[in-house]
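Here's the letter readout for the chains.
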Amino acid sequence: MASLKTISFLFLVLILISDSSTALGKRIRDRNKPCKRLVVYFHDILFTGKNAQNSTSATVGAPAWGNKTALANPFRYGDLVAFDDPITLDKNLHSTPVGRAQGFYLYTSKSTLAAWFSVSFVFNSTEHKGSINFAGNEYVLQNTRDISITGGTGDFFMARGIASLMTDAYEKTDYFRLRVDIKLYECW
Amino acid sequence: MASLKTISFLFLVLILISDSSTALGKRIRDRNKPCKRLVVYFHDILFTGKNAQNSTSATVGAPAWGNKTALANPFRYGDLVAFDDPITLDKNLHSTPVGRAQGFYLYTSKSTLAAWFSVSFVFNSTEHKGSINFAGNEYVLQNTRDISITGGTGDFFMARGIASLMTDAYEKTDYFRLRVDIKLYECW
Amino acid sequence: MASLKTISFLFLVLILISDSSTALGKRIRDRNKPCKRLVVYFHDILFTGKNAQNSTSATVGAPAWGNKTALANPFRYGDLVAFDDPITLDKNLHSTPVGRAQGFYLYTSKSTLAAWFSVSFVFNSTEHKGSINFAGNEYVLQNTRDISITGGTGDFFMARGIASLMTDAYEKTDYFRLRVDIKLYECW
């Protein structure tokens, strides 16, 4: 008899747990425990008119007051840049790439350096095959800033998460290296 | 003895529930009960050649038959506009913004006014810090239309949901105000 | 007495299952069993300077060395194309469309044909009303390639999944037909 009451109680607890966590769309998972984590770097060399050969990105859209071989003022606002950047595991531009970061960024602020990113990291190494897709706006001058991971394919099938970006190096207007801390919170 | 049968039965029910709702990817949550809801407005003043100072958006791409200070015909099809728009809690353009809507829209239809949006709402108020990322195509002339919320950061960490857009005001070609009903169905 | 131990054991099993599958963000669902599947085709006729009437897409951004009525070299890298393409259930361009594919693609590689897609499939047929939003980078010359489904509205409310693309036809530079195998793994 006691056991029947116990069952009923446990069952009620289970229903309450599942109701609060699933039925209302709230999840009580831990932000500090991604199901997968990966730190990589990518390197961007902007085409400035004379470096067609070794540049990895190019301005393809600009506001009326801008053009495609110089940076728009102020804050590059309105410049749209397509890129095909190497991804490396360390800071060295010349290390063997583990993949390519392919997509675009668009400078979106009139009052600071901010950039919208739509990009796919396409991995093609012995360790990882597949892609991770990113979307979000980031404030270039902040130390760390987060964008969304909206999906993935291959090894990263259906992934979701957060990427924390840090500017790891910056040279004049035509080279930057970003450190990308990839944290997946939904893994399949 | 009866209790063991009861346990088995309850256990079976649980497995069936979890199988239908989780294992097959179907969720039986309620569309009418977002886990978070927020209504805001954003204001867009298009650069038309002479309003560099107070405009909040600018055409950065256009089809061969268009240009960057006039609207392409028909239906602005092919115009790509970068924006840095203030977000307010009421309809007043001059209210203190609670954040910025930064991203771009692209007119995508030859036969009606339709716009693709890739945008981040970056909140920076006492109430909200963090960003919400949107993606989707919307038919400007419809009363209400929905786009996707694909992710978020900060207070909106890992959010997913739907944004319902309504054109709240429209003045000639260079000002519009959108009402955005943000409904999150996945909250963390 | 035995039944109480049994209950405890079953309860423990349940907690372990829910912990490993939900608490850590890992899902043990089956990649081979989408909750919804749909195969469609879309047709793209690029504007090349003289086909304004029947073209369904137009270049709206290009690198400094390109222009809007010819393809950039090499590999169209940097060309940004807005499109308003018909979606059909069969391979015939002239079949009654079940919707429109509206968005843009951007060629993202200096060394092969690769394209970033941001697009919404807007369905408007007796069978389907609503939209599916896609994002991702794809290698045009590969037989099959996957991009992400990041969200949906209407009949596809809150959907997530994978779209497998195949080039079904290709004529010179101004027509292609893509087969899109839409596989949703999160349905509401």
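Read on for a plain summary of the structure. Not measured: the values here are computed from a predicted model.

Tallying secondary structure elements over chain A gives one helix and nine strands in all. For chain A, buried positions account for 59% of its 188 residues. Expressed as a percentage of contacts within chain A between residues at least 6 apart in sequence, the contacts between residues at least 24 apart total 47%. When the accessible surface of chain A is split by element, carbon and sulfur atoms take 57% of a total near 7900 Å².

Below, the discussion takes up the interface of chain B and chain A. Across the boundary between the two partners, chain B contributes 46 residues, which contact 42 residues of chain A. Here chain B meets chain A over a buried area of about 3500 Å², counting both sides, of which 63% is carbon and sulfur. The largest per-residue losses of area from chain B upon contact with chain A belong to Phe157(B), Met158(B) and Trp188(B), which jointly make up 19% of the total buried on that side. We note a salt bridge from Glu186(B) to Arg160(A), for which the minimum N-O separation is 3.8 Å. For the interface between chain B and chain A, the tally reads 17 residue pairs in polar contact (both at pLDDT 80 or more). Residue assignment for the side of chain B that touches chain A shows that the elements contributing at least two residues are α1 (2-23), β2 (57-61), β3 (80-88), β4 (99-107), β5 (114-124), β6 (129-139), β7 (145-154) and β9 (175-186) of chain B. Looking at the side of chain B that touches chain A residue by residue, the classes come out as 21 nonpolar, 18 polar and seven charged.

We now examine the relation of the copies chain B and chain A. Mapping chain B onto chain A calls for a screw motion: a turn of 120 degrees about the axis and a shift of 0.0 Å along it, with 0.0 Å RMSD after fitting. The relationship between the two copies is best expressed as a three-fold rotation axis. Within chain B, Gly61(B) has its C-alpha nearest the rotation axis, a separation of 3.1 Å.

This part covers the interface of chain C and chain B. Each partner contributes residues to the interface: chain C has 46 residues there, and chain B has 42 residues. When the two sides are added together, the surface that chain C and chain B hide from each other amounts to roughly 3500 Å², 63% of it contributed by carbon and sulfur. The largest share of the area that chain C buries against chain B comes from Phe157(C), Met158(C) and Trp188(C), three residues that together contribute 19% of it. The interface formed by chain C and chain B contains one salt bridge. The set of elements that each furnish at least two residues to the side of chain C that touches chain B consists of α1 (2-23), β2 (57-61), β3 (80-88), β4 (99-107), β5 (114-124), β6 (129-139), β7 (145-154) and β9 (175-186) of chain C.

This part covers the packing of aromatic side chains. The full count for this structure, using the stated rule, is 54 aromatic pairs over all chains. With a centroid separation of 5.0 Å and an interplanar angle of 75 degrees, the aromatic rings of Tyr185(A) and Phe157(B) are classed as edge-to-face. Placement of Tyr185(A) in strand β9 (residues 175-186) and of Phe157(B) in the loop between β7 and β8 (160-171) is noted, with the two residues assigned to different chains. The exposure class of Tyr185(A) is buried, given its relative accessible area of 5%. Note on Phe157(B): relative accessible area 8%, which makes it buried. Judged by centre distance (6.4 Å) and plane angle (65 degrees), the ring pair of Phe121(B) and Phe123(B) falls under edge-to-face. There is no split in this pair, since Phe121(B) and Phe123(B) are both buried. Counting every residue linked through ring pairs, the aromatic cluster contains Phe42(A), Phe83(A), Tyr105(A), Tyr107(A), Phe117(A), Phe121(A), Phe123(A), Phe134(A), Phe156(A) and Phe176(A).

All names here are of chain A. Inspection of every chain in the model, using the stated rule, returns three disulfides over all chains. Across the disulfide, Cys35 is cross-linked to Cys187 (sulfur-sulfur distance 2.0 Å). When the S-S torsion is 90 degrees, as for the bridge of Cys35 with Cys187, the disulfide is right-handed. Pair noted here: Cys35 is in the loop between α1 (2-23) and β1 (36-45) and Cys187 is in the segment after β9, with a separation of 152 residues, a long-range link. The class for Cys187 is buried, based on a relative accessible area of 10%.

About the thresholds
- Residues numbered from 1 in each chain as written.
- Chains lettered and ligands numbered in written order.
- Predicted model: local features only at pLDDT ≥ 70, side-chain atom pairs only at ≥ 80, totals over all residues.
- Heavy atoms only, no water.
- Helix = DSSP H or I, 4+ residues; strand = E, 2+ residues; numbered from the N terminus.
- Buried < 20%, exposed > 50% of the residue type's maximum accessible area, 1.4 Å probe, protein only.
- Contact = heavy atoms within 4.5 Å.
- Areas by Shrake-Rupley, 256 points an atom, 1.4 Å probe, with all protein chains shown as cover.
- Buried area = accessible area lost by both parts, 1.4 Å probe.
- Salt bridge = Lys/Arg side-chain N within 4 Å of Asp/Glu carboxyl O.
- Polar contact = N/O pair within 3.5 Å; in protein donor to acceptor, adjacent residues only side chain to side chain.
- Nonpolar A, V, L, I, M, F, W, Y, C, P; charged D, E, K, R; others polar.
- Least-squares fit on C-alpha atoms with pLDDT ≥ 70 in both.
- Phe/Tyr/Trp six-rings, centres within 6.5 Å; stacked < 30°, edge-to-face > 60°.
- Disulfide = S-S within 2.5 Å.

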